[in-house]
Amino acid sequence: MQTNRHAILIVAHRFPEQVHRLAERLQHPGVDLFLHVDRRVKIRPFLHPRLIPVDRPIPIVWNGFGLVQATLSWLRANQGKGYRTFTYLSGQDYPTMEVDQIVKQFESGRDFLVDTAWSEIDRTGRWGCFHITDPNPMVRIFDRFRRRLVPSNRGIRQLPRGLEYRCGSALWTMPSRVVEWMLPFLEQRPDIEGFFRNTIHSDEVFYQTVLNSSPFADSLGDHAHYIDWSRGAPHPEVLDMNHLEHIRVGKHLFARKVEPTASAELLDLLDRRRTGAEDPRHRSST
């Protein structure tokens, strides 16, 4: 039976103190917080009374299938436990408003947040080519030699039957009704997970593409995060006080990405805003 409880998974591999701070800020009687730490990293520094460690963490490499595998495993383990929504965050996300307000957003209908904003960009190279994304270093070394022998494999792969490409930010919130449709669908179509295991940056394509072929396709396209990609780098900018006004004027629930030192002043100010404390930069000089 569905309740008004919400599940949030935090996936991290660095900055345990930042993860602890995030856990404190997301404390809510209706929210359960889960923790996935890259299996190659010691989990002990990340442990926190408010965080429930997942049973079987996996190794995660940048551009690999690991993030999809970790989130799918978490959804499968917690489906049917009565959660109304499931949210995936990284350890370098941070709420821009009180968690009470975030929960109200979910319960008011803004409970389906899967970004497809990058769908107009040609990213066929991610899935049109065969990529080895296994975290095993020996497997990846073998793939480098394979690529020397077969320098180009562009266009040799097509998306699995019935799927149409969509792409966007990897972070999402899904209501239980979507999860209850998606997991049985994937069980019936093992070719889909098999295909995306050999697709780079699959976390930005997998859920978007699968759900685009679902009964919920018309609800796709929203996003809960403020992220600065303005420099066009492979990774988003680390946020600091220069981003404050952008965060203030937006309706985003979370900001990404933050670090304990570089973002310290911004995080302190976001905390003061949530508690109603006065912004010292706006105090009268009289």
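Our structure is the block above this text.
Criteria and thresholds
- Residues numbered from 1 in each chain as written.
- Predicted model: local features only at pLDDT ≥ 70, side-chain atom pairs only at ≥ 80, totals over all residues.
- Heavy atoms only, no water.
- Helix = DSSP H or I, 4+ residues; strand = E, 2+ residues; numbered from the N terminus.
- Buried < 20%, exposed > 50% of the residue type's maximum accessible area, 1.4 Å probe, protein only.
- Contact = heavy atoms within 4.5 Å.
- Areas by Shrake-Rupley, 256 points an atom, 1.4 Å probe, with all protein chains shown as cover.
- Polar contact = N/O pair within 3.5 Å; in protein donor to acceptor, adjacent residues only side chain to side chain.
- Core = buried A, V, L, I, M, F, W, Y, C linked by side-chain atoms within 4.5 Å.

Visitor: Honestly, the overall build of the protein chain in this entry has me stumped. Any pointers?
Guide: For the protein chain, the helix and strand inventory stands at 10 helices and 9 strands. Counting only residues that meet the buried cut, the protein chain has 55% of its 286 residues in that class. Within the protein chain, residue pairs in contact and separated by at least 24 positions form 77% of the contacts whose partners lie at least 6 positions apart. When the accessible area of the protein chain is evaluated, it comes to approximately 14300 Å², of which 50% is carbon and sulfur surface.

Visitor: Mind showing me how you'd approach the environment of H48 here?
Guide: Along the chain, H48 falls in the loop between β2 (31-37) and β3 (51-53). With residues near it in sequence (within four places) discarded, H48 still touches H20, A23 and E24. A distance of 2.9 Å separates the side chain of H48 from the side chain of E24, its partner in a polar contact.

Visitor: Explanation requested: the nonpolar core in the structure shown.
Guide: Nonpolar side chains tend toward joint burial in soluble globular proteins. In terms of nonpolar packing, the biggest core is built from 45 residues, with L75, W172, M174, M182, F196, F206 and Y207 touching the most fellow members. When residues of this core are traced back to their parent elements, those giving at least two are β1 (5-12), α2 (66-78), β4 (83-90), β7 (172-175), α6 (176-188), α7 (190-196) and α8 (206-212). Residues in contact with M174, not counting those within four places in the same chain, are R84, T85, F86, D111, V114, V179, M182, Y207 and L211.

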